[in-house]
Amino acid sequence: AGFAHVDCLAEMAVRDEWVTVEGREHRLCRWTTCAMCQRHFTGVLKLEMVRKNWRRLRDAPVSDDKRGALLEVACTLSDGGEVDMAERLYEESIAGLKRDALAVVMTQFGRARALTDTDPAAALEILSGLRVTMGRYEDATVRASYACATAHALRNLGRSRDALPVAAEAVELARSAAGPEATKTLECASLYAAVLADLGRLQEARAELERVLAAQTRVLGPDHPSTRETSTLLDGLLAMSRYRKKEERKKE
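How each quantity is defined
- Residues numbered from 1 in each chain as written.
- Predicted model: local features only at pLDDT ≥ 70, side-chain atom pairs only at ≥ 80, totals over all residues.
- Heavy atoms only, no water.
- Helix = DSSP H or I, 4+ residues; strand = E, 2+ residues; numbered from the N terminus.
- Buried < 20%, exposed > 50% of the residue type's maximum accessible area, 1.4 Å probe, protein only.
- Contact = heavy atoms within 4.5 Å.
- Core = buried A, V, L, I, M, F, W, Y, C linked by side-chain atoms within 4.5 Å.
- Salt bridge = Lys/Arg side-chain N within 4 Å of Asp/Glu carboxyl O.
- pLDDT = per-residue confidence, 0-100.

Here's the deal with the environment of Ala-149
Its location among the elements puts Ala-149 in helix α7 (residues 140–156). On the accessibility criterion, Ala-149 (6% relative accessible area) is buried. Ala-149 sits 36 residues away from Arg-113 along the chain, and the two C-alpha atoms are 5.7 Å apart. Apart from residues no more than four positions distant in its own chain, Ala-149 is found in contact with Phe-109, Arg-113, Thr-116 and Leu-127.

Next up, the structure:
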C-alpha cells in the first residue's frame, strides 16, 4: 500500500513533465524532485521513481530522455550500494546504444561517476579517456560534473594536490552555469572544501563548508542527506582544528 503513493507521483511526473512559461516549453524534473517543496527525492522513494521512469522509456528509441533516465537509475543504484547491478546496467546500456557515440560517452561518464568511491583508479582511467570529448561540451554543467568526478577520483587515490585545481574548476563551472546555490554548485564546493582540508588548509576549508552548509540549509532543508553530510564534515573539521591548536599549545 505504501507504494501506491509512488504510482501517483509517477502519474504526476508524466502529466506535468512539460509546462509553458512565456510561450516557451520547460521540462520539469518531476521524476527526481517534489512538485510541492522542490526538494530532491532521496532513499527508497528516489530509487522507485527513477526505476519507474526507466521502465517507461526502456523500449523507446534512443533519446536524451532515455539516456538521462538510464544514468539516473544507474547512479541511484550505485549510491544505494547496489554497485554490481548498476555496473550491469551500464554495460547493457553501452551495448544497446553502441551506434550512438554520444550515448556511449555519457554512459561511460555515468559509469565512472559510480566508481569514484569503490574503484577510483578505474574511474580515473575512464575519465581520462573522456577528457577531450567532455571538454568540448558547450553545457558548463556537464563540464562541471566531469571536473567534479575527476577531482573526487583523484582525492580518493590520495592525490589531493592534483585534485585541488580540478575541484576549483568544477565550482566555477557549476556556479557560472547554474548559480551559486544550485545543487551541483554546492556539491562541487563541498568537495573543494574537503580537498582543502586534506592539504591542511583548515581555515579556508571551514569557511567554504560554512558557506555550503548555510546554502544547503536554505535550499534543501536541514534534514536533507547532503545537508547532514556537510554538517558532519564541518564538525569533523572543527574537531581537527581544535586538536591542532591543542598540539600547538603543547609545543609552546
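Examining the nonpolar core
With 47 residues, the main nonpolar core has Phe-109, Leu-130 and Met-134 as its most contacted residues. Secondary-structure elements contributing two or more residues to this core are α5 (101–115), α6 (120–135), α7, α8 (160–178), α9 (183–198), α10 (202–219) and α11 (225–251). Per-element tally for this core: the top contributor is α7, with ten residues. Among all residues touching Phe-109, those that are not within four sequence positions of it are Leu-127, Leu-130, Met-134, Ser-145, Tyr-146 and Ala-149. Val-50, Trp-54, Val-73 and Leu-77 belong to the second-largest nonpolar core, a separate cluster that totals six residues.

Focus on the pattern of salt bridges
For the structure shown, the criterion picks out eight salt bridges. One salt bridge connects Asp-162 with Arg-159, and the closest N-O pair in it is separated by 3.1 Å.

Here we look at the confidence of the model for the chain
Confidence along the chain averages 78 in pLDDT terms, with 75% of residues attaining 70 or more. The secondary structure element of the chain with the lowest average pLDDT is strand β2 (residues 24–27), at 44, and the one with the highest is α8, at 93. With pLDDT under 50 throughout, residues 18–28 is counted as low confidence; its partners more than four residues away or in other chains account for 14 contacts.

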